[in-house]
Amino acid sequence: MAQRGDPPRLRQYVAVRARLVGSGLVVGLLLGGLGMAGWTFYTGDAQSSEATVFALGALVFGFGLLGWSGSILAGRGIEAMQEHMGTRSNWTERDSRRAMARLCGGGGGIMVGTSIVAVLL
Amino acid sequence: MNWTQFLFRLVEPVVPPRFVIKRLLLLIPVLFGVASVVFAILHLAPGDPAIIIAGQRASAEQLEQIRVELGLRRPLWEQYLSFLWDAARFDFGQSYSISRGNSVRSVISDRLPITLELAIYGQAAGILLGLPLGIISAVKQDSLTDHVTRIGALTGISVPIFWSGPLLILLFSTYLDVFPTSGRIKSTLFLPDTWMLFGRELPLTGMITLDTILLGNTEAFLSAAHHLFLPAVVIGVYSTALISRMMRSSMLEVIRQDYIRTARAKGQGAKITLMKHGFRNALIPVVTVIGIQFGTLLGGAVLTETVFGINGMGLTIVNAIGVSDYPVVQGTVLTFALLFTLVNLLVDVTYSYLDPRIQQ
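Each chain carries its own residue numbering, running from 1 in the direction its sequence is written. For naming, the first written chain is A and the first written ligand is 1, with later ones following in the order written. Owing to the predicted nature of the model, reporting of local features is limited to residues with pLDDT of at least 70; listing and counting of side-chain atom pairs is limited to 80 or more, with chain, interface and lining totals taken over all residues. The side-chain figures draw on all heavy atoms in the structure; neither hydrogens nor water molecules are used.

As recorded in an unreviewed UniProt entry, chain B goes by the name Dipeptide ABC transporter permease, listed as coming from Haloarcula japonica.

Okay, here's the thing in structure tokens:
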């Protein structure tokens, strides 16, 4: 995390990324917690609810992580290919990376939210 | 100079080590992501590993004991972290069913060379046939050769492995009796587990054609090549077709460039211009296809091995899914992911060697 004495650019760099992942994390926490509580209320089995909701969170987290690294690995190439082929698309590597980071945070949030509610139940 | 410095010195003229390190570091989140997805899918899939191990007739106490032993009663987050830690060490425990009692690592090390051999032959066939066919097709555009190559490529891309495999078996094995239907070597031939190099005993690779060469056993080599021919053709056809199509279109674009015309105007021979200036530039998009193609070949190996009854990673993964042998599924899927990402790293390096602008 950025410290008080850090140069402003680094602090800004970390803050932007933390906000991006953090917003996803908060939404994920809510979704995970509510999903776990709702599923348990519906099925009456906390253990199987935890398994299902946690696994869904891991799935979202995994896809987010794959998408994020995939965007970094191949994003510029895809942009160049689109430009080369003359296709009109608004897809950019930056947008994809940001969206995937948010998805990653969301998946992580679901996992954490589910675990917290599972402990409380 | 230590070995790391030596390695950097070695690759520096080809590609900057920083570029390779950056790419290598990106492999970590990729594998981490794949591991998470595998964990999620296996936990969402129906089936109880305890019942698979103990059988349907096991008592409730026995099942509970197995669940505790496997760690399935621990909190999910603990199971998830433990799974990631095991995946990082490539330790997936023991197989429940398809190779009961053996570690997943040993199952993979036994079967990976079989699939790799198949994929390498398929890829080699694709490159060795696809590149020249694509170049000839581009140079002789709209000639009979070009039309035949294009139709052949289109057919090769359109025909799926699960259809072409049984059809080739029916033709060459059942009716013509030229090639065997399944297996890797004649059943009367047996290979030792080790080979000798300068008086030292070394283990064999598991790639049967290479092993027979190392052993100097010509009869076994011919038998292995004979058995491998049809599966390699099936897996190589798609690769050849795709590479030749890509090479043709890429070459057509390059040979119309001004620098090719300038080279010809300065008196350079047609063949030299084509190979020296045209080929390298036309190769850039083809290299990407070859890298992605390797992943398709690994996927194709699942079908090819199932059709030809070859006990490699493909057949293992199919069988493991069928009997819910989760540790084997996890191990094989992660191995495929690791292989695919490593091949793509190799493609990136080749790519940046062919076009240094990419390193920027």
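S.K.: Any details on the overall build of chain B? Residues and values, ideally.
M.R.: A tally of regular secondary structure across chain B gives 14 helices and 2 strands. Counting only C-alpha atoms and orienting by the principal axes, one finds that chain B spans roughly 85 × 55 × 50 Å. Looking at chain B residue by residue over its 360 residues, the buried ones come to 42%. Only heavy atoms matter for contacts: two residues are in contact if any of them lie within 4.5 Å across the pair. Across chain B, contacts joining residues at least 24 apart in sequence account for 70% of those joining residues at least 6 apart. Using a 1.4 Å probe, accessible areas were evaluated by the Shrake-Rupley method; residue-level cover was limited to the displayed protein chains. Only carbon and sulfur atoms are counted for the fraction: they give 65% of the accessible area of chain B, which is about 19400 Å². Note on charges: Lys and Arg go in the positive column, Asp and Glu in the negative column, and His and the chain ends are not counted at all. Charged side chains are reduced to one point each, which is NZ for Lys, CZ for Arg, CG for Asp and CD for Glu. Of the side-chain charges in chain B, 27 are positive and 23 negative, and the distance between the mean point of each set is 13 Å. Numbering of helices and strands runs from the N terminus; a helix is a DSSP stretch of H or I covering at least four residues, while a strand is a stretch of E covering at least two. Three labels apply to residues, based on accessible area from a 1.4 Å probe with only protein chains included: buried if under 20% of the type maximum, exposed if over 50%, partly exposed otherwise in between.

S.K.: Break down the pattern of salt bridges for me, citing the residues and quoting the values.
M.R.: Residue and element names in this part refer to chain B. Just to be clear on terms, a salt bridge is a Lys or Arg side-chain nitrogen sitting within 4 Å of an Asp or Glu carboxyl oxygen. What the rule picks out here adds up to 11 salt bridges over all chains. Note that D86 and R89 form a salt bridge whose closest N and O atoms lie 2.7 Å from each other. Each of D142, D146, R150 and R248 takes part in salt bridges that share partners, so that together they form one network.

S.K.: Can you break down helix α10 (residues 218-254) of chain B residue by residue, with the values?
M.R.: Across its 37 residues, α10 of chain B extends only 44 Å between first and last C-alpha, which sits more than 12% below the 54 Å expected from 1.5 Å per residue. In protein, a polar contact means a hydrogen-donor-capable atom and an acceptor-capable atom, both N or O and within 3.5 Å, with residues adjacent in sequence counting only if both atoms are side-chain atoms; elsewhere, any N or O pair within 3.5 Å suffices. Its side-chain oxygen 3.4 Å from the backbone nitrogen of E219 of chain B, N217 of chain B forms the N-cap of α10 of chain B. Expected helix span is computed as 1.5 Å times (number of residues minus one).

S.K.: Now, about the side chain of H227 of chain B: what can you tell me, with residues and values included?
M.R.: Residues and elements named next belong to chain B. Inspection of the secondary structure puts H227 in helix α10. H227 sits in the buried class, given a relative accessible area of 12%. Here the side chain of H227 touches S223 through a polar contact of 2.8 Å, landing on its backbone oxygen. Not counting the four nearest positions on each side in its chain, H227 is found in contact with P180, S182, G183, R184, I185 and K186.

S.K.: Go over unusual backbone geometry with me, naming the residues and quoting the values.
M.R.: One non-glycine residue, F90 of chain B, lies in positive phi territory at about 55°. Judged by relative accessible area, F90 of chain B falls into the partly exposed class, the value being 25%.

S.K.: Help me get a handle on the UniProt feature "transmembrane region" (unreviewed entry) in chain A, residues and values and all.
M.R.: UniProt positions are given in the numbering used here, feature names are shortened, and annotations may be inferred rather than shown by experiment. The positions UniProt marks with the feature "transmembrane region" (unreviewed entry) are residues 20-42, 54-78 and 99-120 of chain A. Structurally, residues 20-42 of chain A is divided into 100% helix and 0% strand, and its ends, taken at the C-alpha atoms, are 33 Å apart.

S.K.: How would you explain a nonpolar patch on the surface if you had to name every residue and give the values?
M.R.: Only residues above 30% relative accessible area that lack a salt bridge enter a patch, with like-charged residues linked at up to 9 Å and the nonpolar side chains Val, Leu, Ile, Met, Phe, Trp and Tyr linked at up to 5 Å. On the surface, L25, L29, V112, I116 and L120 of chain A cluster together into a nonpolar patch covering about 440 Å² of accessible area. Elements with a contribution of two residues or more to the nonpolar patch: α1 (8-43) and α3 (93-120) of chain A.

S.K.: For the packing of aromatic side chains, give the residues involved together with the corresponding values.
M.R.: Here a pair means two rings of Phe, Tyr or Trp (six-membered ring of Trp) with centres within 6.5 Å. Their orientation is stacked below 30 degrees between planes, edge-to-face above 60, and tilted elsewhere. Evaluated as defined, the whole model comprises 9 aromatic pairs over all chains. Relative to F39 of chain B, the ring of F54 of chain A lies with its centre 6.4 Å away and its plane at 75°, an arrangement referred to as edge-to-face. Taken together, the positions of F54 of chain A in helix α2 (residues 46-85) and F39 of chain B in helix α2 (residues 17-44) put the pair across two chains. Each of the two residues, F54 of chain A as well as F39 of chain B, counts as buried. A ring pair is formed by F39 of chain B and Y80 of chain B, whose centres lie 5.1 Å apart and whose planes are at 65°; its orientation type is edge-to-face. Separated by 41 residues along the polypeptide, F39 of chain B in helix α2 and Y80 of chain B in helix α5 (residues 76-88) bring together distant segments of the chain. Pair check on accessibility: F39 of chain B and Y80 of chain B agree, each one buried.

S.K.: Describe the interface of chain A and chain B, listing the residues and the values that go with them.
M.R.: With 21 residues of chain A at the interface, the matching set in chain B holds 21 residues. Interface area for chain A against chain B, summed over the two sides, is near 1700 Å², with a carbon-plus-sulfur share of 79%. Accessible area, probed at 1.4 Å, shrinks when two parts are joined; the buried area is that loss added up over both. A per-residue breakdown of the area chain A buries against chain B is headed by F54, L66 and L73 of chain A, which together make up 27% of the total. Viewed at the interface, chain B and chain A are joined by 0 salt bridges. Viewed at the interface, chain B and chain A are joined by 2 residue pairs in polar contact (both at pLDDT 80 or more). For the side of chain A that touches chain B, the elements supplying multiple residues, two or more each, are α2 and α3 of chain A. Examining the composition of the side of chain A that touches chain B, we find that 19 residues originate from one element, α2 of chain A, more than from any other.

S.K.: How would you sum up the UniProt feature "domain: ABC transmembrane type-1" (unreviewed entry) in chain B? Please name residues and give values.
M.R.: UniProt's feature table lists "domain: ABC transmembrane type-1" (unreviewed entry) at residues 112-351 of chain B, given in the numbering used throughout. Segment residues 112-351 of chain B splits into 78% helix and 3% strand. End C-alpha atoms: 27 Å apart.

S.K.: Outline the nonpolar core, supporting the account with residue identities and numerical values.
M.R.: All names here are of chain B. Buried residues of nine kinds, namely Ala, Val, Leu, Ile, Met, Phe, Trp, Tyr and Cys, make up a nonpolar core once their side-chain atoms join them within 4.5 Å. Counting residues in each nonpolar core, the largest one holds 66 residues, and the members touching the most others are Y80 and M247. When residues of this core are assigned to their parent elements, the largest contribution, 12 residues, is made by helix α12 (residues 270-308). The contact partners of M247, leaving out residues within four places of it in the chain, are G130, L131, G134, I135, F279, A282, L283 and V286. Listed in part, the 9 residues of the second largest apolar core include L168, I169, F179 and V234.

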